[in-house]
Amino acid sequence: MSQSERYTFTKPNRDSITLLAGLGVEGDVHAGELVKHRSRVRRDPTQPNLRQVHLMHAELHDELNGLGFSVAAGQLGENVTTRGVDLLGLPTGTRLRLGAEAVVEVTGLRNPCPQIEAFQEGLLQHVVGRDEAGNVVRRAGIMAVVLVGGETRVGDVIRVELPDGPHVPLKAV
């Protein structure tokens, strides 16, 4: 669990975070009904905030560390670090139950920014690239909005609820 009140790339770890319905992580700079990421605010500050909570899979950290980088929970700006959940394979609209009460709905893929390269040189090419067909592949986690608030703690179980109907692959938000 990670949260920061300031615009910083790396977010300090916490034992728990509180999710607020319709807003995001309590005390996090990116919490709010409207977009909070500075580049998006410059484009249109009236956009809804589809990036209230950033989730990243610890398996990516493992992979990056195996390549010689040094990455830990919260260092790439995520609020929630997961293990054992195929975040990138989830369809849009998936609901994740975090702990006893909180529920978030997956809105899309995180679009990695150049700050990742500033954090550690060479890192960006390992979290965003292209597949054999030339399509952009984003691997730096997913974004979600908070449907039901509540506290979530390190080690809480994450329950995945897939949406009904045809599943729509995640796109960058």
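So, a few notes on the structure that sits alongside this text. Worth saying up front: this structure is predicted, and the values here are computed from it rather than measured.

1. Quick word on the pairing of strand β5 (residues 95–98)
With burial as the criterion, only one face of β5 is covered, namely that bearing Leu96 and Leu98; the residues Arg95 and Arg97 on the opposite face remain uncovered. Sheet topology note: the β5/strand β6 (residues 102–109) ladder contains 4 bridges and is antiparallel. Within β6, the position partnered with Arg95 by the bridge is Glu105. Two successive antiparallel strands, β5 and β6, enclose a turn made up of 3 residues, where Gly99 displays a positive phi of approximately 75 degrees. The pairing of β5 with strand β11 (residues 158–161) spans 4 bridges and is classified as antiparallel. The residue of β11 that forms the bridge with Arg97 is Arg159.

2. Digging into helix α2 (residues 58–66)
Here α2 has its buried residues at Ala58, Leu60, His61 and Leu64. The buried residues of α2 occupy an angular sector of 150 degrees when projected down its axis, which confines them to one face. Against β3 (53–57), β4 (80–82) and α4 (124–127) lie the buried residues of α2. A positive backbone phi angle near 105 degrees is found at Gly68, which sits one or two residues after α2.

3. Notes on the nonpolar core
Within the largest apolar cluster, 20 residues are counted, with the highest numbers of intra-cluster contacts made by Leu19, Val53, Leu55, Leu96, Val104 and Ile142. Among the secondary structure elements, those contributing two or more residues to this core are β1 (16–20), β3, β5, β6 and β9 (142–148). Top element by residues in this core is β6. It accounts for 4 residues. Excluding residues that lie within four positions of it along the chain, Val104 makes contacts with Leu19, Val53, Thr94, Arg95, Leu96, Leu98, Ala144, Val145, Val146 and Leu147. Counting residues in hydrophobic clusters, the runner-up holds 11 residues, among them Leu60, Leu123, Val127 and Ala140.

4. Focus on the sheet that holds strand β2 (residues 24–25)
Taken in spatial order, the 3 strands of this open sheet run β2-β1-β10, and their pairing is antiparallel. Here the strands that pair on one side only, and so sit at the sheet edges, are β2 and β10 (150–153).

5. Looking at the pattern of salt bridges
According to the stated counting rule, one finds 6 salt bridges in the structure shown. Where Arg139 meets Glu63, a salt bridge forms, and the shortest distance between an N and an O atom there is 2.5 Å. Of this pair, Arg139 sits in the loop between β8 (136–138) and β9 while Glu63 sits in helix α2, placing them 76 residues apart in sequence. Taking relative accessible area as the criterion, Arg139 reaches 22% and is therefore assigned partly exposed. Between Glu151 and Arg153 there is a salt bridge; the shortest N-O distance is 3.1 Å. Assessed through its relative accessible area of 39%, Glu151 is described here as partly exposed.

Conventions adopted
Residues numbered from 1 in each chain as written. Predicted model: local features only at pLDDT ≥ 70, side-chain atom pairs only at ≥ 80, totals over all residues. Heavy atoms only, no water. Buried < 20%, exposed > 50% of the residue type's maximum accessible area, 1.4 Å probe, protein only. Helix = DSSP H or I, 4+ residues; strand = E, 2+ residues; numbered from the N terminus. Pairing = 2+ DSSP bridges. Arc of directions from axis to C-beta. Contact = heavy atoms within 4.5 Å. Core = buried A, V, L, I, M, F, W, Y, C linked by side-chain atoms within 4.5 Å. Salt bridge = Lys/Arg side-chain N within 4 Å of Asp/Glu carboxyl O.

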